[in-house]
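Report on the structure
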Amino acid sequence: MACLLWCHLQVLSEVFLPLLSKQVGVMDPASTGALGTAAGSAGTGSGRPRELLGNMQKYLAHIKQALQQLTGDVKLPMPAVTISCVAAACRDPDVIHTFEEAVAEWSSTLSDVLQKETEKRVQGKGPLAEMDFWHARSALLSGLWEQLSVQAAADIIEVAEAGSDDRNLMAAFKGQMAELGKLVHEVSGYGTSGWRPVK
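I will try to describe carefully the structure that is included in this document. In this text the structure is predicted, and so the values were computed from the model without any measurement.

1. Here's the deal with the overall build of the protein chain
Along the protein chain, the regular secondary structure elements total 8 helices and 0 strands. A burial count over the protein chain gives 32% of its 199 residues as buried.

2. Examining the packing of helix 5 (residues 93-119) against helix 7 (residues 151-163)
Packing of helix 5 against helix 7 leaves a shortest axis separation of 9 Å and a crossing angle of 110°. Taken together, the axes of helix 5 and helix 7 lie roughly perpendicular to each other. Here the hand of the crossing between helix 5 and helix 7 comes out left-handed. Mapping the contact onto sequence places Val95, Ile96, Phe99, Glu100, Ala102, Val103 and Trp106 in helix 5 and Ala153, Ile156, Ile157, Val159, Ala160 and Gly163 in helix 7. A breakdown of the residues in the contact of helix 5 with helix 7 according to their chemical character gives 11 nonpolar, 1 polar and 1 charged.

3. Details of the pattern of salt bridges
Opposite charge on two side chains allows them to pair when their charged atoms are near. One pass over the full model with this rule turns up 4 salt bridges. Glu117 serves as the salt-bridge partner of Lys120, at 2.9 Å between the closest nitrogen and oxygen. For Lys120, a relative accessible area of 42% puts it in the partly exposed group. One network of salt bridges, in which partners are shared, links Glu117, Lys120 and Arg137.

4. Looking at the nonpolar core
With 32 residues, the main nonpolar core has Val103, Trp106, Leu148, Phe173 and Leu180 as its most contacted residues. Listing elements by their share of this core, those giving two or more residues are helix 4 (86-89), helix 5, helix 6 (127-149), helix 7 and helix 8 (167-191). Per element, the largest residue contribution to this core is 9 residues, and it comes from helix 5. Once you skip the residues sitting within four places of it in the chain, Val103 turns out to touch Ile156, Ala160, Leu169, Met170 and Phe173. With 10 residues, the next largest nonpolar core counts Leu9, Leu12, Leu17 and Leu53 among its residues.

Cut-offs and rules
- Residues numbered from 1 in each chain as written.
- Predicted model: local features only at pLDDT ≥ 70, side-chain atom pairs only at ≥ 80, totals over all residues.
- Heavy atoms only, no water.
- Helix = DSSP H or I, 4+ residues; strand = E, 2+ residues; numbered from the N terminus.
- Buried < 20%, exposed > 50% of the residue type's maximum accessible area, 1.4 Å probe, protein only.
- Axes fitted to C-alpha atoms, helices over the stretch in contact; angles between N-to-C directions.
- Parallel < 35°, antiparallel > 145°, perpendicular 65-115°, else oblique.
- Left-handed = near helix turned anticlockwise from the far one by under 90°.
- Contact = heavy atoms within 4.5 Å.
- Nonpolar A, V, L, I, M, F, W, Y, C, P; charged D, E, K, R; others polar.
- Salt bridge = Lys/Arg side-chain N within 4 Å of Asp/Glu carboxyl O.
- Core = buried A, V, L, I, M, F, W, Y, C linked by side-chain atoms within 4.5 Å.

In structure tokens form, the structure reads like this:
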């Protein structure tokens, strides 16, 4: 999903946006030269290219926001090992070791993020500062949750839990996942009906 959004963003921002910006620039009545004046007098009455440009910029901002929510500012590394059968992977010591290392790294990252997020406070005063705070927190935590909710991550967790001898690692990780889930649920209310800008 994130890959498709990223490709979409690239095409829009590197191909269509520059073309449209150039067209709006040429059609600008303030432009000098015969081409600018002619195009300006012929096409700016409706303002459609300028309106389309504004809408495209808003759309690009939404895509960037969706990408940030999918991936967040924190990227969790995924092992290069792919498995076709979870049961078989649970019996392979090399796979178990690789997945244990991945879970340990995720656990360390979650611990850092959760500590920082619980210590963070709203910067500034007023409702806009509050909205920015909750939006940023929602994007970060939802991005982490999404990364850990994909099937590949679920398989890694399942194999590590079934095959690992390190019960402390898995207990700590499960506790962090529960805390992350609680915080994601808490911020989800702020991202939907709880905080809407006044128009």
